[in-house]
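# Descriptive structure summary
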Amino acid sequence: MLDSALNVFRQGRNLARLMEGLWVTLEISAVSVLLSMLLGIVVGLLMTTRKPLWRAAARLYLELVRFVPILVLLYIFYYTLSRNWGINLEAKIVAVLVFTLWGTAEMADLVRGAATSLPAHQRESGRAIGLTESQINRYVIIPQAVRRLIPGVINLTTRMIKTTPFVFFINVPELTKVGQQIVEVAGMKNYMASFWVYAFIFFIYFAVCYPISRFSGFLEKKWEN
Amino acid sequence: MLKAKIFRVLVPALALMFLAAPALAAGELAKIKEAGKIRIGVFSDKPPFGYVDENGDHRGYDVYLARRLAQDLLGDENKIEFVLVEAASRMEVLESNKVDLILANFTVTPERAQRVDFAKPYMKVALGVVSPANAPVTDVAQLRGQKLIVNKGTTADIYFAEKHPEVNLLKYDQNTEAFNALRDGRGAALAHDNTLIFAWINENPGFVSGISFLGNLDSIAPAVKKGNTELLDWLNEEIVRLGQENFFHKNYDATLKPIYGDTVDPETVVVEGGVLE
């Protein structure tokens, strides 16, 4: 019985299709994570400047994006933009755009938190031993801020990977959706197909996210001293 | 679970917020020919109507028709861009111009007809109720106070909520989830389109279709964006033309018969030439 249930992976290109679905998941999350890191640092630093206008703008962006559900953002960028203003974006572009908007906001807040959490005496001590401001940033502030940033960034990365199934909403066949397609076809005859396919998807998400999590642990340990 | 709720609450709200829609330009057919492909919204996980088979190819009754339409309009049955749609997003993808045409087992209802234009029907469907053979449900009265399994937002869901509030509904998103729930004994019976129930009991001895025709006989038709009369007129003529060569019976034999077996009379499902009898 187990053998017949597991046949679902051997039929046709089912296994290859799941891998193609995984590729879509990884593509969207990798591009979005990278863009979010870069843009998030810029927006996060804006939030720590002394210019009130920049800070207000960054703050507004953060609050707007972070508290609107991802599905609403996907809906607006995929359906509403096209229907009302004729801006017809491709589904994958919309996915990357929305995940980057969201990731940037989250990342910016992490950067702001890391940068402002360093006690003021760090900067003052730097000045006392005669370092210039850019030297202080380079040798004192940034190395410490980055260490504080790592756990949050890793957490954000795995969260973004696990949120990608939402793109089913704009008709992108990522891993979970492909799994569903397979289950719906095989499930007519094979009662256990849904169990094995979803168990496999569980394993894949774990296999992708666990190494990222371990890498973070490794960095933290390395930098402890 | 989440998605059905979100669609139901969110979609109308957002749709109301942005009611103004740009008018359709003329020459829709010319535009499709110029693009060299027609964009057709189909299901990817609803066998035997629209699904992706184990080789990754689109299959099903809707897809068979889709390929023929592409053949007759563009001269090549592969000049199609398939867009995978969900049951709840079928009207959205038309209104936001993501597809030219929906062929996704789309039941014609007056509410839907206000937002999209339906062509002539190519299939008909009524509700059916499937139950375990050792505890068959042959009359809706037997369901009073019992749990009945349905799929969210389907005609079965709407029919029982309106006409039989005395029946407790247990709702699921996916067909497989719903049928597995029936197998697990989570409800006394399951109500769905009778066509799908015929297909399922054929594979699952131990269950019977105690009620095979319930509610109105509904028709299933292609849908285009509201106001796209050029494509609509072409579809209507095409469906009549295809009726002359008995195309939809051939479609039935190719896509539905292997699943339904000989237990189902094709005349209960197929609509030929757009004429609902």
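Our structure's up above, just so we're on the same page.
Anyway, here's the lowdown on the structure attached to this text. Computed from a predicted model, the values in this text were never measured in an experiment. (Residues numbered from 1 in each chain as written. Chains lettered and ligands numbered in written order. Predicted model: local features only at pLDDT ≥ 70, side-chain atom pairs only at ≥ 80, totals over all residues. Heavy atoms only, no water.)

For chain A, the count of helices and strands is nine helices and zero strands. Listing the helices and strands of chain A from first to last along the sequence gives α-α-α-α-α-α-α-α-α. Taking 2.2 N^0.38 as the reference for a compact globule, 225 residues should give roughly 17 Å; the C-alpha atoms of chain A span a radius of gyration of 22 Å, well beyond that estimate. Counting only C-alpha atoms and orienting by the principal axes, one finds that chain A spans roughly 75 × 50 × 20 Å. In chain A, the proportion of contacts linking residues at least 24 apart, taken out of those at least 6 apart, comes to 76%. Counting only carbon and sulfur atoms, one obtains 68% of the accessible surface of chain A, whose full area is about 11800 Å². Put simply, chain A has 23 plus and 13 minus side-chain charges, and the middle of one group is 4 Å from the middle of the other. (Helix = DSSP H or I, 4+ residues; strand = E, 2+ residues; numbered from the N terminus. Rg over C-alpha atoms; globule rule 2.2 N^0.38 Å. Contact = heavy atoms within 4.5 Å. Areas by Shrake-Rupley, 256 points an atom, 1.4 Å probe, with all protein chains shown as cover. Lys, Arg positive; Asp, Glu negative; His and termini not counted. Charge placed at Lys NZ, Arg CZ, Asp CG, Glu CD.)

Let us look at the environment of Lys-120 of chain B. Residue and element names in this part refer to chain B. Checked against the element boundaries, Lys-120 lands in the loop between strand 7 (116-118) and strand 8 (123-132). Under the relative-accessibility criterion, Lys-120 is labelled partly exposed at 32%. Along the sequence, Lys-120 and Phe-106 sit 14 residues apart, while their C-alpha atoms lie 12 Å from each other. Ignoring anything within four residues of it in the chain, the contact list for Lys-120 reads Ala-221, Pro-222, Asn-236, Ile-239, Val-240, Gly-273 and Gly-274. (Buried < 20%, exposed > 50% of the residue type's maximum accessible area, 1.4 Å probe, protein only.)

Okay, the sheet that holds strand 3 (residues 50-52) of chain B next. Residues and elements named next belong to chain B. As summarised here, the arrangement of the three strands in space is 2-3-4, forming an open sheet in which the pairing is antiparallel. One side of each edge strand has no neighbouring strand; the edge strands of this open sheet are strand 2 (45-46) and strand 4 (58-59). Sheet topology places strand 3 next to strand 4; two bridges connect them, and they run antiparallel. Of the residues in strand 4, the one forming a bridge with Val-52 is His-58. (Pairing = 2+ DSSP bridges.)

Our focus in this paragraph is the sheet that holds strand 12 (residues 207-220) of chain B. Strand pairing within a sheet occurs via backbone hydrogen bonds; the two strands may be parallel or antiparallel. All names here are of chain B. The strand order 10-9-11-8-12 describes an open sheet built from five strands, whose pairing is mixed. Across the chains shown, the open sheet's two edge strands, defined by having one partner strand only, are strand 10 (168-172) and strand 12. Adjacent strand axes in the sheet meet at a mean angle of 25° when their direction is disregarded. Relative to strand 11 (residues 189-193), strand 9 (residues 147-151) runs parallel, the two sharing two bridges. Looking at the pairing, Ile-149 lines up with Leu-190 of strand 11. Each of strand 8, strand 11 and strand 12 touches helix 8 (residues 194-203); the most contacted strand, strand 8, lies at about 50° to it. (Axes fitted to C-alpha atoms, helices over the stretch in contact; angles between N-to-C directions.)

In this complex, chain B contributes 43 residues to the contact, which on the side of chain A involves 33 residues. Carbon and sulfur atoms supply 59% of the area that chain B and chain A bury against each other, a total of about 3500 Å² over both sides. Counting across the chain B and chain A interface gives four salt bridges. For Lys-177 of chain A, the salt bridge identified is with Glu-86 of chain B, shortest N-O distance 2.6 Å. Inspection of the chain B/chain A interface yields 18 residue pairs in polar contact (both at pLDDT 80 or more). Looking at the side of chain B that touches chain A, the elements with two or more residues in it are helix 1 (2-17), strand 3, strand 5 (80-85), helix 4 (90-95), helix 7 (175-183) and helix 8 of chain B. (Buried area = accessible area lost by both parts, 1.4 Å probe. Salt bridge = Lys/Arg side-chain N within 4 Å of Asp/Glu carboxyl O. Polar contact = N/O pair within 3.5 Å; in protein donor to acceptor, adjacent residues only side chain to side chain.)

Turning our eyes to something else, we now look at the packing of helix 8 (residues 175-186) of chain A against helix 9 (residues 193-222) of chain A. Residue and element names in this part refer to chain A. Two elements in contact, helix 8 and helix 9, have axes separated by 9 Å at closest approach and are oriented at 165°. It follows that helix 8 is roughly antiparallel to helix 9 by the angle criterion. Between helix 8 and helix 9 lies a crossing of right-handed hand. Contacts between helix 8 and helix 9 involve Leu-175, Thr-176, Gly-179, Gln-180, Ile-182, Val-183 and Ala-186 from the first element and Ala-193, Ser-194, Val-197, Tyr-198, Ile-201, Ile-204 and Tyr-205 from the second. In terms of residue class, the contact of helix 8 with helix 9 is made up of ten nonpolar, four polar and no charged. (Parallel < 35°, antiparallel > 145°, perpendicular 65-115°, else oblique. Left-handed = near helix turned anticlockwise from the far one by under 90°. Nonpolar A, V, L, I, M, F, W, Y, C, P; charged D, E, K, R; others polar.)

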